[in-house]
Amino acid sequence: MQPPSLPERYLDRRHWLGLATASATVGLINQPWIFAGQQAADSKQLIVHGETPMNAEPALNKLVQSWETPVKHFYVRSHAPVPKVDVDSFRITVEGMVQRKLSLSIAEITDRFPATEITATMTCAGDRRREQSPVKKVGGVQWKAGPIGNARWGGVRLADILQLAGLKEGAKHVWFESIDQVKKDGRTFPFGASIPVKKSLEKTRFGNGTLLATTMNGRPLPPD
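Residues numbered from 1 in each chain as written. Predicted model: local features only at pLDDT ≥ 70, side-chain atom pairs only at ≥ 80, totals over all residues. Heavy atoms only, no water.

**Description of the overall build of the protein**
A tally of helices and strands in the protein yields five helices and 14 strands. Taking the contacts inside the protein whose residues are at least 6 apart along the sequence as the reference set, 74% of them involve residues at least 24 apart. Total accessible area computed for the protein in this model is approximately 12200 Å², and 52% of it derives from carbon and sulfur atoms. (Helix = DSSP H or I, 4+ residues; strand = E, 2+ residues; numbered from the N terminus. Contact = heavy atoms within 4.5 Å. Areas by Shrake-Rupley, 256 points an atom, 1.4 Å probe, with all protein chains shown as cover.)

Below you can see the structure in the form of C-alpha coordinates.
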(Lines give C-alpha, C1' and ligand atoms only; values in the text may rest on other atoms or scores of the structure.)
Protein backbone atom coordinates (compact mmCIF):
# COMPACT_ATOMS: atom_id res chain seq x y z
CA MET A 1 0.00 0.00 0.00
CA GLN A 2 1.60 3.24 -1.12
CA PRO A 3 0.65 6.73 0.07
CA PRO A 4 -1.70 8.36 -2.45
CA SER A 5 -0.31 10.83 -4.94
CA LEU A 6 -1.00 14.35 -3.70
CA PRO A 7 -1.48 17.59 -5.58
CA GLU A 8 0.34 19.50 -2.83
CA ARG A 9 3.07 18.59 -0.35
CA TYR A 10 1.23 20.14 2.54
CA LEU A 11 -1.79 18.57 4.12
CA ASP A 12 -4.38 19.92 6.46
CA ARG A 13 -5.46 18.00 9.54
CA ARG A 14 -7.68 18.03 12.63
CA HIS A 15 -8.96 15.74 15.45
CA TRP A 16 -10.27 14.64 18.89
CA LEU A 17 -10.74 15.26 22.65
CA GLY A 18 -9.19 17.20 25.53
CA LEU A 19 -6.36 16.27 27.86
CA ALA A 20 -6.95 13.21 30.02
CA THR A 21 -4.99 11.62 32.83
CA ALA A 22 -3.41 8.23 32.23
CA SER A 23 -1.67 6.08 34.79
CA ALA A 24 1.36 4.30 33.34
CA THR A 25 1.36 5.66 29.82
CA VAL A 26 2.40 3.08 27.22
CA GLY A 27 3.56 4.74 24.12
CA LEU A 28 3.34 8.40 23.40
CA ILE A 29 2.23 8.71 19.80
CA ASN A 30 3.20 12.32 19.24
CA GLN A 31 1.91 13.02 15.76
CA PRO A 32 -1.01 11.06 14.35
CA TRP A 33 -1.13 11.66 10.60
CA ILE A 34 -3.73 12.37 8.03
CA PHE A 35 -3.74 12.08 4.25
CA ALA A 36 -4.98 14.81 1.95
CA GLY A 37 -8.51 14.78 0.71
CA GLN A 38 -11.38 17.13 0.09
CA GLN A 39 -12.57 19.25 2.96
CA ALA A 40 -15.56 17.53 4.52
CA ALA A 41 -16.99 20.76 5.90
CA ASP A 42 -18.64 21.94 2.72
CA SER A 43 -21.16 24.56 3.81
CA LYS A 44 -23.52 23.36 1.08
CA GLN A 45 -23.66 19.87 2.60
CA LEU A 46 -23.27 20.56 6.33
CA ILE A 47 -24.80 22.90 8.92
CA VAL A 48 -21.80 24.89 10.14
CA HIS A 49 -21.71 25.83 13.84
CA GLY A 50 -18.27 27.42 13.69
CA GLU A 51 -15.45 27.76 11.15
CA THR A 52 -12.36 28.30 13.37
CA PRO A 53 -12.22 25.62 14.57
CA MET A 54 -14.59 23.87 12.16
CA ASN A 55 -17.66 22.25 13.71
CA ALA A 56 -20.47 21.14 11.42
CA GLU A 57 -23.15 18.47 11.03
CA PRO A 58 -25.46 17.16 8.32
CA ALA A 59 -29.20 17.68 8.23
CA LEU A 60 -31.00 14.51 9.35
CA ASN A 61 -32.68 13.97 5.99
CA LYS A 62 -29.19 13.84 4.43
CA LEU A 63 -27.70 11.66 7.18
CA VAL A 64 -30.31 8.90 6.87
CA GLN A 65 -29.94 8.54 3.12
CA SER A 66 -27.16 5.97 3.46
CA TRP A 67 -26.09 3.35 6.01
CA GLU A 68 -22.49 4.19 5.12
CA THR A 69 -22.21 7.91 5.74
CA PRO A 70 -20.43 9.68 2.85
CA VAL A 71 -17.74 12.22 3.73
CA LYS A 72 -19.90 15.11 2.53
CA HIS A 73 -22.53 14.15 5.14
CA PHE A 74 -20.15 13.21 7.96
CA TYR A 75 -20.03 15.58 10.92
CA VAL A 76 -16.86 17.52 11.76
CA ARG A 77 -15.77 18.05 15.38
CA SER A 78 -12.67 20.17 15.91
CA HIS A 79 -11.09 21.60 19.05
CA ALA A 80 -8.40 23.54 17.20
CA PRO A 81 -7.72 24.94 13.72
CA VAL A 82 -6.60 22.42 11.10
CA PRO A 83 -2.77 22.41 11.07
CA LYS A 84 -0.64 21.78 8.00
CA VAL A 85 1.49 18.67 7.65
CA ASP A 86 4.46 18.08 5.36
CA VAL A 87 3.87 14.45 4.41
CA ASP A 88 7.51 13.97 3.38
CA SER A 89 9.03 14.84 6.75
CA PHE A 90 6.13 13.95 9.07
CA ARG A 91 6.86 11.17 11.56
CA ILE A 92 4.99 9.29 14.25
CA THR A 93 6.88 8.55 17.45
CA VAL A 94 6.11 5.84 19.98
CA GLU A 95 7.80 6.16 23.36
CA GLY A 96 7.20 5.72 27.08
CA MET A 97 6.85 2.25 28.61
CA VAL A 98 8.15 0.45 25.53
CA GLN A 99 11.32 -1.54 24.89
CA ARG A 100 12.13 0.26 21.64
CA LYS A 101 11.34 3.88 20.89
CA LEU A 102 9.98 4.18 17.34
CA SER A 103 10.03 7.03 14.82
CA LEU A 104 8.17 6.10 11.64
CA SER A 105 7.20 7.94 8.48
CA ILE A 106 3.79 7.48 6.89
CA ALA A 107 5.37 5.53 4.04
CA GLU A 108 7.19 3.22 6.48
CA ILE A 109 3.97 2.49 8.35
CA THR A 110 1.87 1.75 5.27
CA ASP A 111 4.65 -0.37 3.72
CA ARG A 112 5.64 -2.27 6.85
CA PHE A 113 2.29 -3.17 8.40
CA PRO A 114 -0.65 -5.01 6.82
CA ALA A 115 -3.61 -2.86 5.84
CA THR A 116 -7.02 -3.61 7.31
CA GLU A 117 -10.48 -2.09 7.45
CA ILE A 118 -13.35 -1.92 9.92
CA THR A 119 -16.83 -0.39 9.82
CA ALA A 120 -17.51 1.71 12.90
CA THR A 121 -19.82 4.46 14.08
CA MET A 122 -18.50 7.69 15.55
CA THR A 123 -20.53 10.25 17.47
CA CYS A 124 -19.90 13.41 19.45
CA ALA A 125 -20.68 13.26 23.17
CA GLY A 126 -22.62 16.50 22.73
CA ASP A 127 -25.11 15.01 20.25
CA ARG A 128 -28.55 16.71 20.56
CA ARG A 129 -27.17 19.30 23.01
CA ARG A 130 -29.35 21.96 21.44
CA GLU A 131 -32.45 20.11 22.63
CA GLN A 132 -31.28 20.40 26.25
CA SER A 133 -30.45 24.09 26.15
CA PRO A 134 -34.05 25.45 26.25
CA VAL A 135 -34.48 23.68 29.60
CA LYS A 136 -31.04 24.49 30.98
CA LYS A 137 -28.29 26.23 29.04
CA VAL A 138 -25.59 23.69 28.22
CA GLY A 139 -22.15 24.97 27.20
CA GLY A 140 -20.40 23.85 24.04
CA VAL A 141 -21.34 23.49 20.38
CA GLN A 142 -25.12 23.55 20.07
CA TRP A 143 -25.44 20.31 18.14
CA LYS A 144 -28.71 19.12 16.67
CA ALA A 145 -29.07 15.36 15.99
CA GLY A 146 -26.48 15.13 13.18
CA PRO A 147 -23.06 14.64 14.86
CA ILE A 148 -23.03 10.89 14.27
CA GLY A 149 -21.85 8.85 11.31
CA ASN A 150 -20.99 5.33 10.19
CA ALA A 151 -18.02 4.72 7.90
CA ARG A 152 -15.45 2.18 6.71
CA TRP A 153 -12.11 3.11 8.28
CA GLY A 154 -8.93 1.70 6.78
CA GLY A 155 -5.39 1.74 8.08
CA VAL A 156 -3.03 -0.34 10.20
CA ARG A 157 -3.67 -2.00 13.54
CA LEU A 158 -2.34 -0.08 16.51
CA ALA A 159 -1.52 -3.46 18.08
CA ASP A 160 0.98 -4.22 15.29
CA ILE A 161 2.88 -1.00 15.97
CA LEU A 162 2.86 -1.54 19.72
CA GLN A 163 4.10 -5.08 19.22
CA LEU A 164 7.08 -3.73 17.30
CA ALA A 165 7.79 -1.23 20.06
CA GLY A 166 7.45 -3.94 22.73
CA LEU A 167 5.22 -3.06 25.68
CA LYS A 168 6.81 -3.15 29.11
CA GLU A 169 5.14 -4.92 32.01
CA GLY A 170 2.86 -2.60 33.93
CA ALA A 171 1.84 -0.45 30.97
CA LYS A 172 -1.83 0.47 31.39
CA HIS A 173 -2.76 3.10 28.81
CA VAL A 174 -1.81 4.36 25.36
CA TRP A 175 -1.71 8.15 25.25
CA PHE A 176 -2.19 9.89 21.89
CA GLU A 177 -0.97 13.43 21.39
CA SER A 178 -1.60 15.35 18.18
CA ILE A 179 -0.10 18.43 16.58
CA ASP A 180 -3.42 20.27 16.91
CA GLN A 181 -2.84 23.18 19.28
CA VAL A 182 -5.84 23.82 21.54
CA LYS A 183 -6.14 27.23 23.19
CA LYS A 184 -8.23 27.34 26.34
CA ASP A 185 -8.25 29.47 29.49
CA GLY A 186 -5.03 31.22 28.49
CA ARG A 187 -3.21 27.93 27.89
CA THR A 188 -2.07 26.27 24.67
CA PHE A 189 -1.69 22.49 24.63
CA PRO A 190 -1.76 19.61 22.12
CA PHE A 191 -5.02 17.78 21.62
CA GLY A 192 -4.90 14.32 23.17
CA ALA A 193 -6.72 11.30 24.53
CA SER A 194 -5.95 7.87 25.96
CA ILE A 195 -7.28 4.33 25.78
CA PRO A 196 -6.53 1.26 27.92
CA VAL A 197 -3.81 -1.08 26.62
CA LYS A 198 -6.40 -3.87 26.50
CA LYS A 199 -8.46 -1.79 24.08
CA SER A 200 -5.45 -1.11 21.87
CA LEU A 201 -4.58 -4.81 21.57
CA GLU A 202 -8.03 -6.32 21.13
CA LYS A 203 -9.13 -8.24 18.07
CA THR A 204 -12.75 -9.37 18.12
CA ARG A 205 -15.14 -11.16 15.79
CA PHE A 206 -16.50 -7.73 14.87
CA GLY A 207 -13.21 -6.36 13.56
CA ASN A 208 -9.52 -5.69 13.96
CA GLY A 209 -9.55 -3.47 17.01
CA THR A 210 -8.06 0.01 17.22
CA LEU A 211 -6.70 1.39 13.95
CA LEU A 212 -4.43 4.23 12.97
CA ALA A 213 -6.67 5.29 10.12
CA THR A 214 -5.48 6.47 6.72
CA THR A 215 -8.68 5.99 4.69
CA MET A 216 -12.41 6.61 5.05
CA ASN A 217 -14.93 4.80 2.86
CA GLY A 218 -12.10 3.59 0.64
CA ARG A 219 -10.64 7.03 -0.03
CA PRO A 220 -7.82 9.03 1.60
CA LEU A 221 -8.85 10.38 5.00
CA PRO A 222 -9.96 14.02 4.53
CA PRO A 223 -8.34 16.81 6.56
CA ASP A 224 -11.38 17.55 8.72
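**Some details on the packing of aromatic side chains**
Applying the stated criterion across every chain, the model contains three aromatic pairs. Measuring from ring centre to ring centre gives 5.7 Å for Phe 74 and Trp 153, while their planes differ by 90°; the resulting arrangement is edge-to-face. In this pair, Phe 74 is assigned in the loop between helix H1 (60–63) and strand S5 (76–77) and Trp 153 in strand S10 (residues 148–157), connecting sequence segments 79 residues apart. Accessibility expressed as a relative area gives 5% for Phe 74, which makes it buried. Taking the centre distance of 6.5 Å and the plane angle of 80° together, the rings of Tyr 75 and Trp 143 count as edge-to-face. Remark: Trp 143 occurs in the loop between helix H3 (129–132) and S10 and Tyr 75 occurs in the loop between H1 and S5; sequence separation between them is 68 residues. A relative accessible area of 9% places Tyr 75 in the buried class. On the accessibility criterion, Trp 143 (0% relative accessible area) is buried. (Phe/Tyr/Trp six-rings, centres within 6.5 Å; stacked < 30°, edge-to-face > 60°. Buried < 20%, exposed > 50% of the residue type's maximum accessible area, 1.4 Å probe, protein only.)

**As for the nonpolar core**
Of all hydrophobic cores here, the largest spans 23 residues; its most connected members are Val 94, Ile 109, Leu 158, Ile 161 and Val 174. Where this core is concerned, the elements lending two or more residues are strand S7 (91–94), strand S8 (102–105), helix H2 (106–112), helix H4 (158–165) and strand S11 (173–184). Of the residues forming this core, the biggest block, four residues, is contributed by H4. Listed in part, the nine residues of the second largest apolar core include Tyr 75, Val 141, Trp 143 and Ala 151. (Core = buried A, V, L, I, M, F, W, Y, C linked by side-chain atoms within 4.5 Å.)

**Details of the sheet that holds strand S14 (residues 219–220)**
Ordered in space as S9-S10-S13-S14, the four strands form an open sheet in which the pairing is antiparallel. Each edge of the open sheet is held by one strand with a lone partner, namely strand S9 (115–123) and S14. Relative to S14, strand S13 (residues 211–216) is paired through two bridges, and the arrangement is antiparallel. If you follow Met 216 over to S14, its bridge partner there is Arg 219. In this fold H4 packs onto S10 and S13, with an angle of close to 30° to the strand it touches most, S10. (Pairing = 2+ DSSP bridges. Axes fitted to C-alpha atoms, helices over the stretch in contact; angles between N-to-C directions.)

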